[in-house]
Every structure is written in C-alpha cells, then in structure tokens.
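# Descriptive structure summary
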Amino acid sequence: MEKQVLDACCGAKMFWFDKQYPHALFCDIRDETHTLCDGRVFKISPDSMIDFRHMPHPDEHFNLVVYDPPHLEIAGGKSWQAKKYGKLERASWREDLAKGFNECWRVLKPGGTLIFKWNETQIKLRDVLACFSQRPIFGHTTTHNLKTHWCVFYKPVE
C-alpha cells in the first residue's frame, strides 16, 4: 500500500490517535528508547529514518504532510525534554526549519494540506513563520501556558 500521509518528524507520535495509522509514513532522524525521569519508557520508532531537511521522497507525492519539528534550542544533552522533543542547533535553527518546510512543501501534492505544529516556549511562532516560503491559511493556538500552535497550509492546484 502506498502511503498518502507523511509525518516528517514523528518523534514518539504523541499527538496521533492511531500510532499505527496504515496510510501514514512515520519518519524521524532518531530511532531510540529512553526511560524518562518518572520511569516511563519513551520510544521513538519511525518507519523510516530520514532528516526532514533532505527527504528522499519524490516531488508531489503525499496528500497530507505533518511537520512537527523540534522546538527547543536550549536544552541539556541529557535533559528529558531534549530526549522527548529533540533539539535545534542554536546557530542554524532558522535555516534548518526553512529547509524542512521547503522539503515538506516539495513532497506535498497540489490540492494537499500541510499541518505545522509549533510550541513557542523558546522561539516565537512569528519568528518561525518568517522563515517559511508560504503562509498558513488558518490555525489554532492553545491557551494558558501550553503555547502550542497548529497552522494549516494548503497547496493550491494551479
């Protein structure tokens, strides 16, 4: 079965209701297991190990792309947050996120949707969106202290 949905940096698939969704290709640069500070096992087990900045997928291949990159630039190497969410390089995060977005856009079919998730604990959403070649058409922000944003991009059929 050819996959129609791409999660470009799935991590532990934390927001997926069906972590084995058969139409999705789950990708990440990491394949690792950690025991968190509370004793829970945290497993990152992608279908395919890729770097979201350089994806091997053909142009215009997926109907839906999910882009939930690491959002921390300040985290200790052994911190549970770095293990759970990954970490950006302080010197290159703008370029890395832009490359990732451009790759997600490249593999998205015309008429397809790109879902972008961002937590602005350390880097503001406006600063991230300024790195992207496209603008979201709508989105949703969680309230209070969570600071998580969901943005929807649509690739029109020309």
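This text gives an overview of the structure that appears in the document.

Criteria and cut-off values
Residues numbered from 1 in each chain as written. Predicted model: local features only at pLDDT ≥ 70, side-chain atom pairs only at ≥ 80, totals over all residues. Heavy atoms only, no water. Helix = DSSP H or I, 4+ residues; strand = E, 2+ residues; numbered from the N terminus. Rg over C-alpha atoms; globule rule 2.2 N^0.38 Å. Buried < 20%, exposed > 50% of the residue type's maximum accessible area, 1.4 Å probe, protein only. Pairing = 2+ DSSP bridges. Contact = heavy atoms within 4.5 Å. Axes fitted to C-alpha atoms, helices over the stretch in contact; angles between N-to-C directions. Salt bridge = Lys/Arg side-chain N within 4 Å of Asp/Glu carboxyl O. Expected span 1.5 Å × (residues − 1).

### What to know about the overall build of the protein chain
Helices and strands together make up the secondary structure of the protein chain, namely three helices and nine strands. Put simply, the protein chain runs from its N terminus to its C terminus through helices and strands in the order β-β-β-β-β-β-α-α-β-α-β-β. Here the C-alpha atoms of the protein chain give a radius of gyration of 15 Å, agreeing with the 15 Å that 2.2 N^0.38 yields for 158 residues. For the protein chain, the spread of C-alpha atoms along the three principal axes comes to 50 × 35 × 30 Å. Among the 158 residues that make up the protein chain, the fraction classed as buried is 46%.

### Some points on the sheet that holds strand β7 (residues 108–119)
Strand order across the open sheet formed by seven strands is β5-β2-β1-β6-β7-β9-β8, with mixed pairing between neighbours. Strands with a single pairing partner mark the edges of an open sheet, and in this sheet they are β5 (48–49) and β8 (138–141). Strand direction decides the pairing type here: β7 and strand β9 (residues 148–154), joined by seven bridges, are antiparallel. Bridge assignment links N119 to a residue of β9, and that residue is T148. Against the sheet, helix α2 (residues 93–107) makes contact with β1 (5–7), β6 (62–67), β7 and β9, and its axis sits at roughly 150° relative to β7, the strand it touches most.

### Re the side chain of D96
Within the element layout of this structure, D96 appears in helix α2. With residues near it in sequence (within four places) discarded, D96 still touches F52, R53, Y67 and E89.

### Looking at the pattern of salt bridges
Tallied over the full model, the rule gives ten salt bridges. D51 is the partner of R53 in a salt bridge, and the nearest nitrogen-oxygen pair spans 2.6 Å. A relative accessible area of 18% places D51 in the buried class. In this structure, D59 and R106 form a salt bridge, with 2.7 Å as the shortest nitrogen-oxygen distance. You can see D59 sitting in the loop between β5 and β6 and its partner R106 sitting in helix α2, a full 47 residues away along the chain. According to the relative accessible area criterion, R106 is partly exposed, its value standing at 23%. Here the residues in one salt-bridge network are D28, R30 and E32, joined through shared partners.

### Digging into the environment of H23
Its place among the elements puts H23 in the loop between β1 and β2 (24–28). If we skip the residues at most four places from it in the chain, H23 touches M1, K3, Q4 and V5.

### Structural notes on α2
Its 15 residues place the ends of α2 21 Å apart at the C-alpha level, agreeing with the 21 Å of an ideal helix rising 1.5 Å per residue. All of the buried residues in α2 are W93, D96, L97, A98, G100, F101, E103, C104, W105 and V107. The elements touched by buried residues of α2 are β1, β6, β7, α3 (125–129) and β9.

### Quick notes on unusual backbone geometry
Positive phi, close to 60°, is recorded for K13, a residue that is not glycine. Relative to the helices and strands, K13 resides in the loop between β1 and β2. The backbone of E60 shows a phi angle near 50°, a positive value even though the residue is not glycine. Take E60: it is sitting in the loop between β5 and β6.

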